[in-house]
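# Examining the three-dimensional arrangement
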Amino acid sequence: MIKLNRVSKRFAQFQAIKELSLEINSGEIHGIIGASGAGKSTLLRLMNLLEIPDEGEVEVNAQILTKMSGKKLREARKSIGMIFQHFNLISNKTVYDNVAVSLELTRSPKEEQKKRVLECLSFVGLAELKDKYPAQLSGGQKQRVAIARALANKPQVLLCDEPTSSLDSNTTADLLKVLEDINQHLGVTIVIVSHEMEVIKSICNRVTVLENGSLYQTVTTKPKGVQMKENRAQYFVDQLTEGEEIDNA
Ligand SMILES: Nc1ncnc2c1ncn2[C@@H]1O[C@H](COP(=O)(O)OP(=O)(O)OP(=O)(O)O)[C@@H](O)[C@H]1O
Ligand SMILES: [Mg+2]
């Protein structure tokens with residue numbers, strides 16, 4: 001679903017990402033963790049070309065973004081939603097208008113837009129707050145609005161940069177549930193950057209550990225449902241033998 005092939009990014013003399021290759025599978029929730037300054041946000045922003053790599057190739061949804069520009073790139077980017085730590089809502093627009101923003105750019109008919117905005121707000125449980133302004137909402141509600149906005153264009157991928165880092169632990173748990181629902185019910189592939197180990201461990205299928213702009217290791221934390229089913233027989237064998245050799249005869 002997402003393929004980075006030997007991607008590098010420099011800021012002036014500083015090498016933020018170094019020849020990094022990574023594949024993220026369709027349907028997974030993939031975590032990115034690492035120390036502050038390791039390059040997590042830069043790596044995420046390379047996935048939708050918010051940062052243009054100096055070298056290497058970025059492929060999303062079978063389209064090589066690094067070979068695209070202009071209208072084609074804008075079109076391809078519609079399949080990639082993004083949310084941020086500080087929500088990035090427009091303060092003088094209502095909840096409804098914040099979600100409608102991305103649809104207005106597509107010039108779809110008003111009635112269709114309205115249906116989609118309300119669908120997205122209902123999905124995150126905020127339809128009743130559609131006429132409020134961001135300042136009237138809690139942090140968790142603001143992040144849900146940001147999620148609804150990201151969903152409006154029916155993305156196949158959702159990139160999340162520290163989505164729960166401004167939220168308390170109860171609100172964090174609720175928000176992670178929303179992200180899991182999006183993954184499971186809408187089939188959206190999710191990439192989540194966080195420095196909070198608990199967040200990463202609770203929802204990710206695989207986690208990439210970054211160190212100084214390089215991929216240190218990718219770890220499988222929670223195999224996806226399908227893989228679990230495929231491995232069901234082996235799971236029983238593992239439980240029975242607890243690592244001992246089993247007599248196959
Ligand atoms: N636009 C920029 N201009 C110059 N340097 C930058 C820029 N963006 C990032 N950097 C540098 O690149 C390195 C990686 O930054 P990045 O924001 O990706 O790290 P991070 O892992 O997300 O850190 P944090 O956990 O603090 O968010 C840092 O040293 C940062 O100072
Ligand atoms: Mg960051």
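Residues numbered from 1 in each chain as written. Chains lettered and ligands numbered in written order. Predicted model: local features only at pLDDT ≥ 70, side-chain atom pairs only at ≥ 80, totals over all residues. Heavy atoms only, no water.

Per an unreviewed UniProt entry, the protein goes by ABC transporter domain-containing protein and derives from Priestia veravalensis. Its UniProt record gives the protein the following Sequence similarities (unreviewed entry) comment, quoted word for word: "Belongs to the ABC transporter superfamily." (UniProt positions renumbered as here; feature names shortened; annotations may be inferred.)

## Here we look at the domain arrangement of the protein
Looking at the protein, the domain boundaries give domain 1 (1-79 + 157-167 + 185-242) and domain 2 (89-154). The C-alpha-based centres of domain 1 and domain 2 are spaced at 26 Å. Every contact between the two is made by five residues of domain 1 and, on the other side, eight residues of domain 2. Inspection of the region where domain 1 meets domain 2 yields zero salt bridges. Applying the counting criterion to the domain 1 and domain 2 interface returns one residue pair in polar contact (both at pLDDT 80 or more). For the side of domain 1 that touches domain 2, the class distribution of residues is four nonpolar, no polar and one charged. (Domains from an automatic or database assignment. Contact = heavy atoms within 4.5 Å. Salt bridge = Lys/Arg side-chain N within 4 Å of Asp/Glu carboxyl O. Polar contact = N/O pair within 3.5 Å; in protein donor to acceptor, adjacent residues only side chain to side chain. Nonpolar A, V, L, I, M, F, W, Y, C, P; charged D, E, K, R; others polar.)

## Some details on the layout of surface pockets
Here the idea is plain: a probe the size of a water molecule rolls over the atoms and shows the empty space left. For the largest pocket, the calculated volume is near 850 Å³. Lining of the largest pocket is provided by 20 residues; of these, Arg 74, Lys 78, Ser 102, Leu 105 and Asn 153 occupy positions nearest its centre. At the level of secondary structure, the elements contributing two or more residues to the lining of the largest pocket comprise α2 (70-77), β6 (80-83), α3 (95-104) and α5 (139-151). Counting residues per element, the lining of the largest pocket draws most heavily on α2, at four residues. Grouping the constituent residues of the lining of the largest pocket by class yields seven nonpolar, six polar and seven charged. (1 Å grid on protein atoms, 1.4 Å probe; cavity = no way out; pocket = protein on both sides within 12 Å on 5 of 7 lines; lining within 4 Å. Points joined across faces, edges and corners; volume = space filled by probe spheres on them. Helix = DSSP H or I, 4+ residues; strand = E, 2+ residues; numbered from the N terminus.)

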